[in-house]
Amino acid sequence: LMKTVRNTSGFSIMELMVAVAIAGVLATVMFTFFSGTFDQYIKLQKESEAQTELAQQSQRVAKVLRGLTGIISADNNEIRAYAYFSPSDTYVSEIRYYKNVGGTKLFADVTHMTANPPNGTLITSSLRTYTVISNFNTVSGVNLFTYLDTGDVVLTTPISDLNTIKAIRINLAIPSSTGTSGQYTTTSLEVALRNRKTNL
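The structure contained in this document is the topic of the report that follows. (Residues numbered from 1 in each chain as written. Predicted model: local features only at pLDDT ≥ 70, side-chain atom pairs only at ≥ 80, totals over all residues. Heavy atoms only, no water.)

**Re a nonpolar patch on the surface**
A cluster of nonpolar side chains, contributed by M14, V18, I22 and L26, occupies part of the molecular surface with about 400 Å² of accessible area. Among the structural elements, M14 can be located in helix 1 (residues 13-66). What makes M14 exposed here is its relative accessible area of 56%. (Patch = residues over 30% accessible without salt bridge, like charges linked within 9 Å, V, L, I, M, F, W, Y side chains within 5 Å. Areas by Shrake-Rupley, 256 points an atom, 1.4 Å probe, with all protein chains shown as cover. Salt bridge = Lys/Arg side-chain N within 4 Å of Asp/Glu carboxyl O. Helix = DSSP H or I, 4+ residues; strand = E, 2+ residues; numbered from the N terminus. Buried < 20%, exposed > 50% of the residue type's maximum accessible area, 1.4 Å probe, protein only.)

**Some points on the nonpolar core**
The biggest cluster of nonpolar side chains holds 34 residues, and the ones touching the most others in it are L65, Y97, F145, Y147, I165 and I168. Breaking this core down by element, the ones donating at least two residues are helix 1, strand 1 (70-75), strand 2 (78-83), strand 3 (93-99), strand 4 (106-112), strand 5 (128-133), strand 6 (145-148) and strand 7 (167-175). The residues touching Y97, leaving out its near neighbours within four places in the chain, are V61, V64, L65, N77, E78, I79, F85, F107, A108, V132 and F145. (Core = buried A, V, L, I, M, F, W, Y, C linked by side-chain atoms within 4.5 Å. Contact = heavy atoms within 4.5 Å.)

**Considering the packing of aromatic side chains**
Counted under the stated rule, the structure contains three aromatic pairs. Here the basic side chain of R96 rests over the ring of Y98, its NZ or CZ set 3.7 Å away from the ring centre. (Phe/Tyr/Trp six-rings, centres within 6.5 Å; stacked < 30°, edge-to-face > 60°. Lys NZ or Arg CZ within 6 Å of the ring centre and 35° of its normal.)

**Comments concerning the pattern of salt bridges**
Following the criterion strictly, the structure yields four salt bridges and no others. The partner of E78 in a salt bridge is R96, with the nearest N and O atoms 3.1 Å apart. Residue E78 is found in strand 2, and its partner R96 is found in strand 3; the two are separated by 18 residues along the sequence. For R169, the salt bridge identified is with E190, shortest N-O distance 3.1 Å. Taken together, the residues span a long stretch of sequence, with R169 in strand 7 and E190 in strand 8 (residues 184-192) at a distance of 21 residues. Look at R169 and you get partly exposed, because its relative accessible area is 25%. A relative accessible area of 37% means that E190 is categorised as partly exposed. Within this structure, E78, R96 and D109 form a network of salt bridges that share partners.

**Quick look at the pairing of strand 6**
Alternating positions in strand 6 separate into two faces, F145 and Y147 on one and T146 and L148 on the other, with burial throughout. Of the pairings in the sheet, the one linking strand 6 to strand 7 comprises four bridges and is antiparallel in character. Bridging across to strand 7, F145 finds its partner in I170. (Pairing = 2+ DSSP bridges.)

Okay, structure coming up:
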């Protein structure tokens, strides 16, 4: 009589199916975890880049306003002043910071002058408009500019005597890079007016 010897070293079809199912579940869990982590990393990276860009632009605006020599007009969301826009400028320019109608962009109009005030006149053909922030976010209840007197008291606009302005707080915001509605990245910077002339 011949004996039948069974090979017990392999797996049955059922065992293979169970193993494949478990591997599939584990692969799905791992993919979901790492995919979520990667997406979160990308969002944080974008948020960090947006915050850096916002900080750089606020510093640039602050540098210009810190060295202004005279204020022409001051409103909650617009300021016109005499200041050096570029370190290489020989004379001050008339600079106007303002938002577009929809409040989604921040611009700077720069018009050069033939000499410093009160002797200089505007060179109207030199007017250039620069986009300071292309994706500006208008936050409800927050003004683009806040003006303060010598005692750091907030001045209410319209300001009848512009000479009382001794410092300006710049409030900038951009939509959050996470894409969440109502979320935004903000920065606020206060600058003292160092070179202000009050006798132009």
